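The chain contents come next:
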Amino acid sequence: MGSDLSVVRAARVSYDAAWRAGEDQGSDARLIRYLWKNHHTTPFEAVQFTFEIKAPIFVFRQWHRHRTWSYNELSARYRELPEEFYLPKPDLIGQQSTSSKQARDIGDATDDMLEGRHHQLILAREAMTASFEAYRQLLAAGWPRELARSVLPVATYSHMFASVDLLNLLKFLTLRCHSHAQYEIRVYAEAMRELIQPIVPVCVAAWEEGRLLT
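Everything numeric here is computed off the predicted structure, so don't read it as measured data.

1. Quick notes on the packing of aromatic side chains
Working step 1: Under the criterion given, the structure shown has 12 aromatic pairs.
Working step 2: With centroids separated by 6.3 Å and ring planes inclined at 85°, the aromatic side chains of Phe60 and Trp63 adopt a geometry described as edge-to-face. Of this pair, Phe60 and Trp63 both sit in helix H3 (residues 57-63), separated by three residues, roughly a single helical turn. Summarising the burial analysis for this pair, Phe60 and Trp63 share the class buried.
Working step 3: Ring plane angle 90° and centroid distance 6.2 Å describe the contact between Phe132 and Tyr135, whose orientation is recorded as edge-to-face. In this pair, Phe132 and Tyr135 are both assigned in helix H4 (residues 111-140), three residues apart and thus about one turn of the helix distant.

2. Re the pattern of salt bridges
Working step 1: All told, the structure shown has nine salt bridges when counted by the stated rule.
Working step 2: Salt-bridge contacts for Arg186 lead to Glu190; the nearest nitrogen and oxygen are separated by 4.0 Å. Note that Arg186 and Glu190 are positioned in helix H7 (residues 183-196) at a spacing of four residues, about one turn of the helix.
Working step 3: The exposure class assigned to Arg186 is buried, which follows from its relative accessible area of 18%.
Working step 4: A salt bridge links Arg193 to Glu208; the nearest nitrogen and oxygen atoms lie 3.5 Å apart. Residue Arg193 is found in helix H7, and its partner Glu208 is found in helix H8 (residues 201-213); the two are separated by 15 residues along the sequence.

3. Digging into the environment of Ala140
Working step 1: Residue position: Ala140 is located in helix H4.
Working step 2: Spatially, the C-alpha atoms of Ala140 and Ala55 are 26 Å apart, while their sequence positions differ by 85 residues.

4. Here's the deal with the UniProt feature "binding site: FAD" (unreviewed entry) in the chain
Working step 1: Cross-referencing UniProt, the feature "binding site: FAD" (unreviewed entry) maps to Thr42, Arg65, His66, Arg67 and Glu73 in the present numbering. The greatest C-alpha distance among the residues just named is 27.5 Å, and with 32 residues of sequence between them they are spread in space as well.
Working step 2: Along the polypeptide, Arg65 turns up in the loop between H3 and strand E2 (70-73).
Working step 3: What makes Arg65 exposed here is its relative accessible area of 57%.
Working step 4: Within the secondary structure, Arg67 is located in the loop between H3 and E2.
Working step 5: For Arg67, a relative accessible area of 62% puts it in the exposed group.

5. Quick look at the packing of helix H6 (residues 166-176) against H7
Working step 1: Where H6 contacts H7, the two axes come as close as 9 Å, and the packing angle between them is 135°. Overall, the two elements H6 and H7 adopt an arrangement that is oblique. Read as a crossing pair, H6 and H7 show a hand that is left-handed. Counting all contacts with H6, which are made through Leu166, Leu169, Leu170, Phe172, Leu173 and Arg176, the residues of H7 involved are Ile185, Arg186, Ala189, Met192, Arg193 and Ile196.
Working step 2: Tallied by class, the residues present in the contact of H6 with H7 amount to nine nonpolar, no polar and three charged.

6. Some details on the domain arrangement of the chain
Working step 1: Along its sequence, the chain is organised into domain 1 (4-50 + 161-212) and domain 2 (51-157).
Working step 2: Carbon and sulfur atoms supply 62% of the area buried between domain 1 and domain 2, which totals about 2,000 Å² over both sides.
Working step 3: When the buried surface of domain 1 facing domain 2 is broken down by residue, Phe161, Glu184 and Tyr188 rank first, second and third, together holding 32% of it.
Working step 4: At the junction of domain 1 with domain 2, the criterion picks out zero salt bridges.
Working step 5: Those elements that provide at least two residues to the side of domain 1 that touches domain 2 are strand E1 (48-56), strand E5 (157-165), H6 and H7.
Working step 6: With seven residues, H7 is the largest single contributor of residues to the side of domain 1 that touches domain 2.
Working step 7: Partitioned by chemical class, the residues of the side of domain 1 that touches domain 2 number 13 nonpolar, four polar and two charged.

Reading the values: rules and limits
- Residues numbered from 1 in each chain as written.
- Predicted model: local features only at pLDDT ≥ 70, side-chain atom pairs only at ≥ 80, totals over all residues.
- Heavy atoms only, no water.
- Phe/Tyr/Trp six-rings, centres within 6.5 Å; stacked < 30°, edge-to-face > 60°.
- Helix = DSSP H or I, 4+ residues; strand = E, 2+ residues; numbered from the N terminus.
- Buried < 20%, exposed > 50% of the residue type's maximum accessible area, 1.4 Å probe, protein only.
- Salt bridge = Lys/Arg side-chain N within 4 Å of Asp/Glu carboxyl O.
- UniProt positions renumbered as here; feature names shortened; annotations may be inferred.
- Axes fitted to C-alpha atoms, helices over the stretch in contact; angles between N-to-C directions.
- Parallel < 35°, antiparallel > 145°, perpendicular 65-115°, else oblique.
- Left-handed = near helix turned anticlockwise from the far one by under 90°.
- Contact = heavy atoms within 4.5 Å.
- Nonpolar A, V, L, I, M, F, W, Y, C, P; charged D, E, K, R; others polar.
- Domains from an automatic or database assignment.
- Buried area = accessible area lost by both parts, 1.4 Å probe.

Printed below as a string of structure tokens:
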């Protein structure tokens, strides 16, 4: 709900000039850039987005750290989960960073390393497939769904609707589009940036400009 004009109208309410939004696109764009640059950010809350998202559970657990969002996620207490899980491409695995406890280094992998990753991905796939087989057996044995799901890996795909205002979405993108963000959540953040750009192009441009200055 909303657009660049929603931000401009909200910002001009104090001057009883909301009606001017849209009359002068240059003036509107300058106002949006001024607001973002000087951290007058509440007008950006006038725009709301809802996304339908399918992602691995470990990505959702990072996402849910952004508590300004509203989430409605599929519950495995209510339905059996299909056998869908995430496996990274061999060249995206990399190795544990030596300078960061939480990150991985994805550099130029040697042929030997990539060959090893291919074999290790077979191991990972077999482990996840075995988890789903155990899951189905427990369900067939009468285990309640809320307990049977406990054997599933965090690479299992889940599904949610997530709602957020533009201000908090831009804060999310600032963190999750960053090169230090985990690759898997960064892919989603970059996709959302592309989705919102046609709706709030001036706001996105002001945000991008601010990122270049920091």
